[in-house]
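Read off the chains here:
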Amino acid sequence: MRNQSVKKNIDWISVIIYAILVILGWLNIYSSSLSSTEGTYEKQLIFIACTIPLIFIVLFVDGKFYEKYASIIFAVSLLSLAGLFLFGKTIAGQRCWYAIGSFTLQPSEFAKAATSLALAKYLSDTQINLKDINRQVQALAIVFLPVLLILPQPDPGSALIYSIFIIVLYREGLPAWYVWTGFVAMLLFVLTLILEPYVVILIAFVVLAIIYFKGRAVDRNIILSGIILSVISIFVLSVNYVFEHVFKQHHRDRFNILLGKSVDLKGIGYNTNQSEIAVGSGGWLGKGFLEGTQTKGGFVPEQHTDYIFTTVGEEWGFAGSLVVIILFACLLLRVIYLAERQKTKFSRVYGYCVAGILFIHFFVNIAMVVGVFPTIGVPLPFFSYGGSGLWGFTILLFIFLKMDANKVNEW
């Protein structure tokens, strides 16, 4: 009866969009790696085949299991991340994988679902009020614990993904100043890399003065405004030190190229330059499946992984790229719609975590490919090559679809 209920109540629209994205992803991997001798597209086909029993397992497990054992799942996930420092395999300078023979597994891809479950479990407690500073610290600790284990690997791309949980927390009552503080900090950081620090501080002073005098007299607080300006000044004056002494050289190079402060089309800027050429060469309708010259020539490194969207742009053109973007948008909107109609807070929060993770992966990857975001190693969901990524996203999505299918039994 349980399986019949899942079959009847599962959101088939989401399942169909998921299937289309996976198929389109494999076609692009096939095209981008056809000349490779590593059997990339054959391996991806095996990974896709393995998702079928994986989906059945996720859907077979009772929906309450994920809520009941969310904390244990999260703890196991943290242990798997910590274990990398002892037993992990280093590839391209990153210690992100466990090696089992010729097969590798990346635990950070599964940690996203585990963190989503833990956060949903914590926020679904009836006593949770995110206006309370203690609750804020506890909720943020859930988000930053995996980040602290992922950053030293080093894997800044995966760590960046966890920033989207702040939006989920804001949706559940976290004060807005957290979101604004993060946004302003990023803006000040970039401005300081472009302008002199004293110019940025002057801009901040003018903006704060306008806000001060435009506000109601009763709300004006000269001491608070002074404190804010002091904090901004300290932050701005520390940016160059952090940029020069904390960031690694390749991170600095990528920011400098993105901001137009240096040009290195044969070095660190090669990937971005070639991806822009590939996407731009596709025109409106593309060169045709298997007809991409940049793709076939292997000009774009890692084209079957982080830069898979360059194959879409070159071979399918603007029209094909738009179709892919619309499919992702439809899936995201569908997940948000399903999240809003959940009967339990746990399911709703988890649904928003799913939508957030898929969105930031999609947004950062596309922005990276077209050159408006630094190269940082964020895969495109269901498209980029890799078993861990595909399985991680599949588990993330289908746990939520199981919760949604099970909502008829909630009351």
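A brief structural summary. (Residues numbered from 1 in each chain as written. Predicted model: local features only at pLDDT ≥ 70, side-chain atom pairs only at ≥ 80, totals over all residues. Heavy atoms only, no water.)

At their nearest, the axes of helix α17 (residues 309-340) and helix α19 (residues 387-405) sit 10 Å apart, and the two run at 40 degrees to each other. Helix-helix and strand crossings are classified by hand; for α17 and α19 the assignment is left-handed. Residue-level inspection shows Val 335, Leu 338 and Ala 339 of α17 in contact with α19, the latter providing Leu 397, Phe 400, Leu 401 and Asp 404. In terms of residue class, the contact of α17 with α19 is built from 6 nonpolar, no polar and 1 charged. (Axes fitted to C-alpha atoms, helices over the stretch in contact; angles between N-to-C directions. Helix = DSSP H or I, 4+ residues; strand = E, 2+ residues; numbered from the N terminus. Left-handed = near helix turned anticlockwise from the far one by under 90°. Contact = heavy atoms within 4.5 Å. Nonpolar A, V, L, I, M, F, W, Y, C, P; charged D, E, K, R; others polar.)

Our next topic: the pattern of salt bridges. The tally for this structure, following the rule as stated, stands at 8 salt bridges. With a closest N to O distance of 3.4 Å, Asp 404 and Arg 341 form a salt bridge. Here Asp 404 is found in helix α19, whereas its partner Arg 341 is found in the loop between α17 and α18 (345-369), with 63 residues between them in sequence. Among the residues examined, Arg 341 registers a relative accessible area of 32% and is labelled partly exposed. Within the structure, one salt-bridge network assembled from shared partners comprises Arg 171, Glu 172, Glu 340 and Arg 348. (Salt bridge = Lys/Arg side-chain N within 4 Å of Asp/Glu carboxyl O. Buried < 20%, exposed > 50% of the residue type's maximum accessible area, 1.4 Å probe, protein only.)

Let us now look at the nonpolar core. Counting 93 residues, the largest nonpolar core has Leu 169, Tyr 350, Phe 382, Phe 383 and Phe 398 as its most contacted members. In terms of residues, this core owes the most to one element, α18, which gives 15 residues. Apart from the residues lying within four places of it in its own chain, the contact partners of Tyr 350 are Ala 113, Ser 116, Leu 117, Ala 120, Ile 395, Leu 396, Ile 399, Phe 400 and Met 403. Formed by 6 residues, the second largest nonpolar core is a distinct cluster that contains Val 200, Ala 204, Leu 208 and Ile 232. (Core = buried A, V, L, I, M, F, W, Y, C linked by side-chain atoms within 4.5 Å.)

Within the secondary structure, Ile 234 sits in helix α13 (residues 222-245). Accessibility expressed as a relative area gives 61% for Ile 234, which makes it exposed. Separated by 33 residues in sequence, Ile 234 and Ile 201 have C-alpha atoms that sit 9.5 Å apart.

This next bit is on the environment of Pro 152. In this fold, Pro 152 is placed in the loop between α8 (133-150) and α9 (156-161). Assessed through its relative accessible area of 49%, Pro 152 is described here as partly exposed. Spatially, the C-alpha atoms of Pro 152 and Arg 95 are 8.7 Å apart, while their sequence positions differ by 57 residues. Dropping the residues within four chain positions of it, Pro 152 is found in contact with Phe 85 and Val 147.

Within this structure, the stated rule accounts for 21 aromatic pairs. Here the aromatic rings of Tyr 350 and Phe 400 are separated by 6.5 Å at their centres, their planes lie at 40 degrees, and the arrangement is tilted. One end of the pair, Tyr 350, is in helix α18; the other, Phe 400, is in helix α19, and 50 residues separate them in sequence. (Phe/Tyr/Trp six-rings, centres within 6.5 Å; stacked < 30°, edge-to-face > 60°.)

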